[in-house]
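Survey of secondary and tertiary structure
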Amino acid sequence: MQQPMIIILKEGTDSAQGKSQVLSNISACQAVAEAIRTTLGPRGMDKLIVDSHSKATISNDGATILKLLEIIHPAARTLVDIAKSQDAEVGDGTTSVVLLTVELLKNSRTFIEDGMHPTIIIRAIRKATALAIKKIKEIAVHIKVDDPKEQRALLEKCAQTTLSSKLIARQREFFAKMVVDTVLMLDDLLPLNMIGIKKVIGGSLEESCLISGVAFKKTFSYAGFEMQQKKLLKPKIALLNIELELKAERDNAEIRLDNVAEYQKIVDAEWSILYDKLEKLHLAGVKEYQKIVDAEWSILYDKLEKLHLAGVKVVLSKLPIGDVATQYFADRDMFCAGRVQEDDLRRTQKACGGAIITTVENLSEQTLGTSEVFEEIQIGSERYNLFTGCPKAKTATMILRGGSDQFIDEVDRSLHDAIMIVRRAVKNDSIVAGGGAIEMALSRTLRDFSRTVAGKEQLIIAAYAKAFEVIPRQLCENAGFDATNILNKLRQKHAENNIWYGVDIMREDVSDNFNAAVWEPAVVKINAITAASEAACLILSVDETIKVPKSSAEPSNAAKAMNMA
């Protein structure tokens, strides 16, 4: 007797499972890696990505590229997630973590095709990951940070290593010093939100500057603004979230005419309406109207007077400050700025103290901020308001110059990576050599260990060891070197226990990258290897994908009752 067919899933549901699904997921991840493979290293190429709104972005940062690609394959999106987590956690190594994941999957593909169960592969990968992290911690060099000069040199070299693969590689020494100065200006917690980055189009990269304090672009202002003080010492600062402006009626109308007679009729009608209004006002008593106007003036004047009597010298507001208020402040040697962006207002609050207030009643020392100096300066074609000597929190603002929006945006992304690396280096003083050196050392360690393991795990750990070689190989290929020749030299050097030998991009050879000051914080590599192995294990553990179809909007009962559907 034929068994009845049991339908569990919704009609149109797409389901794929088994070995073919695992291999399909691996292929999708390999396709993603191909998109960013050529961006790795100092000789990496840039990608030009145009989004759906025709906005062009030029970048060689792995996380930025993957975000903009809008990948829809569910397994391949895992690579986007690990690149984002690497970027958020340590700032650099986003391309490396994706390449390492895909190389692990590629080397595991053969075992899957031969019928090996994914669980065995996952177990071996986790064992090899633990060994690799242990090895990094053993060989990482701890730099003494008791001497500020030594610490500064360490941080600058770490920043230069990060910037060497960016668009601003030629100016890496200039920007490395700026990044280190920025991070060392902060307090012990090293909060990222106390670093402001502003962009001014025009000028050269070397005209970029660092300001020890809060800086933001001059906001829209009325005529009386030019009479205000542009430099104040130890001013009291009021941060407001209220309007200091008289409300005016706004009418939007458009009339199209084709002859002078029609225009004259409109002018006559306007005069007639105006005269009629004035006559009615006169009859009803103009004094009532005048009372309303006087009340509005009185309320505004009262607010301004309270700010002045409290000793406030700088008034910043998230909402508009009108022409009357601007002139009032100018007459009393006070400075004001309306429509200040919220993030700038909050950074000023954290740095200078006080609170963002919604009323001018009961102003006190607790609600007002202060700084050593306030001034307005010209930077390129823009004017900037600066607060320096902020007492509550240490803060810094980087003002970047460049020829175009896309270029400055990429400089911003590059400096973000460098800032994250320097922050990590301040908190973790252990470093390793970059340029493929640490990867080759780990490859050798895992290859030697695999020979001591019996069973199938031996093959998988050896494949993991081979996967580490993707980083130096890709560095060579992106620089146009003979990758096979360089890798053979590296294997020979590491077999002689020269653990810091890596690719020398400048001389097309191998060299001791530790002595060459190609340094990276050990935590960057530990995070990258952990994230790569976890992502590889996750993708290998998925043996079935069920894609539910998009539900079409069903008509409601009310619509059915009204015969609308």
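In the block above lies the structure referred to throughout.
Residues numbered from 1 in each chain as written. Predicted model: local features only at pLDDT ≥ 70, side-chain atom pairs only at ≥ 80, totals over all residues. Heavy atoms only, no water.

Concerning a nonpolar patch on the surface
To be explicit about the condition: Only residues whose relative accessible area exceeds 30% and that form no salt bridge are eligible for patches; like-charged ones are grouped when within 9 Å, while nonpolar side chains (Val, Leu, Ile, Met, Phe, Trp, Tyr) are grouped when within 5 Å. The Shrake-Rupley method, run with a 1.4 Å probe sphere, supplies the accessible areas, and residue values consider only the shown protein chains as cover. Between Lys or Arg on one side and Asp or Glu on the other, a salt bridge is scored when a side-chain nitrogen of the former is within 4 Å of a carboxyl oxygen of the latter. Strands are runs of DSSP state E lasting at least two residues, helices are runs of H or I lasting at least four, and both sets are numbered from the N terminus onward. Burial classes: relative accessible area under 20% of the type maximum marks a residue as buried, over 50% as exposed, and values in between as partly exposed (1.4 Å probe, protein chains only).
Where nonpolar side chains cluster on the molecular surface, the patch consists of L48, V50 and I58 and spans about 280 Å² of accessible area. When you line up the elements, L48 lands in strand β2 (residues 47-50). A relative accessible area of 59% means that L48 is categorised as exposed.

A word on the sheet that holds strand β4 (residues 141-142)
Our working definition: One bridge is not enough; two strands pair if DSSP finds at least two bridges between them. Residues are treated as being in contact if the distance between any of their heavy atoms lies within 4.5 Å. All axes here are fitted lines through C-alpha atoms, helices being fitted over the stretch that makes contact, and every angle between N-to-C directions spans 0 to 180 degrees.
Strand order across the open sheet formed by three strands is β4-β17-β20, with antiparallel pairing between neighbours. Both edges of this open sheet fall to β4 and β20 (519-521), since each of them pairs with a single strand only. In terms of strand pairing, β4 meets strand β17 (residues 430-433) through two bridges, oriented antiparallel. Each bridged residue has a counterpart across the sheet, and for V141 the counterpart in β17 is I431. Here helix α17 (residues 522-540) sits on the sheet in contact with β17 and β20, set at roughly 65 degrees to β20.

Section: the nonpolar core
Generally speaking, a soluble globular protein has its nonpolar side chains buried in company with each other. Rules: Residues belong to a common nonpolar core when they are buried Ala, Val, Leu, Ile, Met, Phe, Trp, Tyr or Cys residues joined through side-chain atoms within 4.5 Å.
Ranked by size, the top nonpolar core spans 121 residues in total, and within it F175, L316, F387, L415 and L540 carry the most contacts. Sorting elements by how many residues they give to this core places α17 first, with twelve residues. Beyond its immediate chain neighbours, meaning those up to four positions away, F175 contacts L163, I168, L205, S208, L400, V411 and L415. Counting 19 residues, the second largest nonpolar core, distinct from the first, contains L304, L307, A325 and M334.

Side note on the layout of surface pockets
Which entries qualify depends on this criterion: Using a 1 Å grid laid over the protein atoms alone, points where a 1.4 Å probe fits but cannot get out form a cavity; open sets with protein on both sides within 12 Å along at least 5 of 7 lines form a pocket; any residue with an atom within 4 Å of a point counts as lining. Grid points are joined across faces, edges and corners, and a volume is the space filled by probe spheres set on the points. Three categories are distinguished: nonpolar for Ala, Val, Leu, Ile, Met, Phe, Trp, Tyr, Cys and Pro, charged for Asp, Glu, Lys and Arg, and polar for the others, with Gly belonging to the last. Marked domain ranges trace back to an automatic or database domain assignment.
Its boundaries defined by the atoms lining it, the largest pocket holds a volume of some 960 Å³. As for the largest pocket, its lining consists of 43 residues, and the residues nearest its centre are G41, P42, T161, S164 and S165. Going through the elements one at a time, α4 (94-113), α6 (148-163), α15 (470-479) and β18 (501-504) are the ones with two or more residues in the lining of the largest pocket. Considering each element in turn, the lining of the largest pocket owes the most residues, four residues, to α6. Across the lining of the largest pocket, the residue classes tally to twelve nonpolar, 19 polar and twelve charged. Both of domain 1 (14-142 + 433-547) and domain 2 (148-212 + 393-428) provide at least three residues apiece to the lining of the largest pocket. By volume, the second largest pocket is sized at about 280 Å³. Lining the second largest pocket are 17 residues, with K198, F216, K217, Q341 and Y384 positioned closest to its centre. Listed by contribution, the elements that provide at least two residues to the lining of the second largest pocket are β5 (195-201), β7 (213-217) and β15 (382-388). At five residues, β5 tops the list of elements feeding residues into the lining of the second largest pocket. Looking at side-chain class alone, the lining of the second largest pocket contains seven nonpolar, three polar and seven charged residues.

Details of the packing of α4 against helix α5 (residues 118-139)
What counts is decided by this rule: Helix crossings get a hand from a simple test, with the near helix turned counterclockwise from the far one by less than a right angle marking a left-handed crossing and a clockwise turn marking a right-handed one.
One way to put it is that α4 packs onto α5 with a least axis distance of 10 Å and a crossing angle of 145 degrees. Crossing geometry of α4 relative to α5 is assigned as right-handed. Residue-level contacts link S108, F111 and I112 of α4 to P118, I121 and I125 of α5. Looking at the contact of α4 with α5 residue by residue, the class counts come to five nonpolar, one polar and no charged.

Observations regarding the packing of aromatic side chains
Rules: Note on aromatic contacts: the rings of Phe and Tyr and the six-membered ring of Trp form a pair at centre separations within 6.5 Å, being stacked when their planes are under 30 degrees apart, edge-to-face when over 60 apart, and tilted otherwise. To sit over a ring, a charge needs its Lys NZ or Arg CZ within 6 Å of the ring centre and within 35 degrees of the ring normal.
Going through the model one piece at a time under the given rule, you end up with nine aromatic pairs. Plain terms: the ring middles of Y328 and F329 are 5.9 Å apart, the flat faces sit at 80 degrees to each other, and that makes the pair edge-to-face. Judged on exposure class, the residue Y328 and its partner F329 are both buried. Taken together, the aromatic side chains of F216, F335, F374 and F387 make up a single cluster linked through ring pairs. A cation over an aromatic ring shows up here: R332 above the ring of Y328, its NZ or CZ 3.6 Å from the ring centre.

Here we look at the environment of K135
Within the fold, K135 resides in helix α5. Between the alpha carbons of K135 and L442 there is a distance of 7.2 Å; along the sequence they are 307 residues apart. Setting aside residues up to four positions removed in sequence, K135 forms contacts with L442 and T445.

Side note on the pairing of β7
Within β7, four of the five residues are buried, leaving the element largely enclosed by the surrounding structure. The sheet contact formed by β7 and β15 spans five bridges and is antiparallel. Bridge pairing links A215 to L386 in β15.

Overview of the pattern of salt bridges
In the structure shown here, the tally under the stated rule is 30 salt bridges. D181 serves as the salt-bridge partner of R152, at 2.5 Å between the closest nitrogen and oxygen. Taken as a pair, R152 in helix α6 and D181 in helix α7 (residues 172-185) lie far apart in primary sequence, 29 residues in all. Owing to a relative accessible area of 26%, R152 belongs among the partly exposed residues under this scheme. A salt bridge links E469 to R491; the nearest nitrogen and oxygen atoms lie 2.8 Å apart. Pair noted here: E469 is in the loop between α14 (457-467) and α15 and R491 is in helix α16 (residues 483-495), with a separation of 22 residues, a long-range link. Accessibility expressed as a relative area gives 2% for E469, which makes it buried. Three or more residues are tied together by salt bridges with common partners; here these are D61, K166 and D417.

Brief notes about the packing of helix α13 (residues 437-450) against α14
When two helices pack together, their arrangement is given by the angle between the helix axes and by the axis-to-axis distance. Using the following cut-off: Note that the term roughly parallel is reserved for angles under 35 degrees, roughly antiparallel for angles over 145, roughly perpendicular for angles of 65 to 115, and oblique for everything else.
Two elements in contact, α13 and α14, have axes whose closest approach is 8 Å; the angle formed by their N-to-C orientations is 165 degrees. As summarised for this structure, α13 and α14 are arranged roughly antiparallel, according to the angle between their axes. α13 and α14 meet at a crossing whose hand is left-handed. Here S443, L446, R447, F449 and S450 of α13 lie close against α14, whose contacting residues are Q458, I461, A462, Y464, A465 and K466. In the contact of α13 with α14, the residues fall into six nonpolar, three polar and two charged.

Re the pairing of β15
When strand β14 (residues 373-379) meets β15, the two strands line up antiparallel, connected through seven bridges. Its bridge partner being in β15, F374 is matched across the sheet by F387. In this antiparallel pair of consecutive strands, β14 and β15, the connection spans two residues, and G380 shows a positive phi of 60 degrees.

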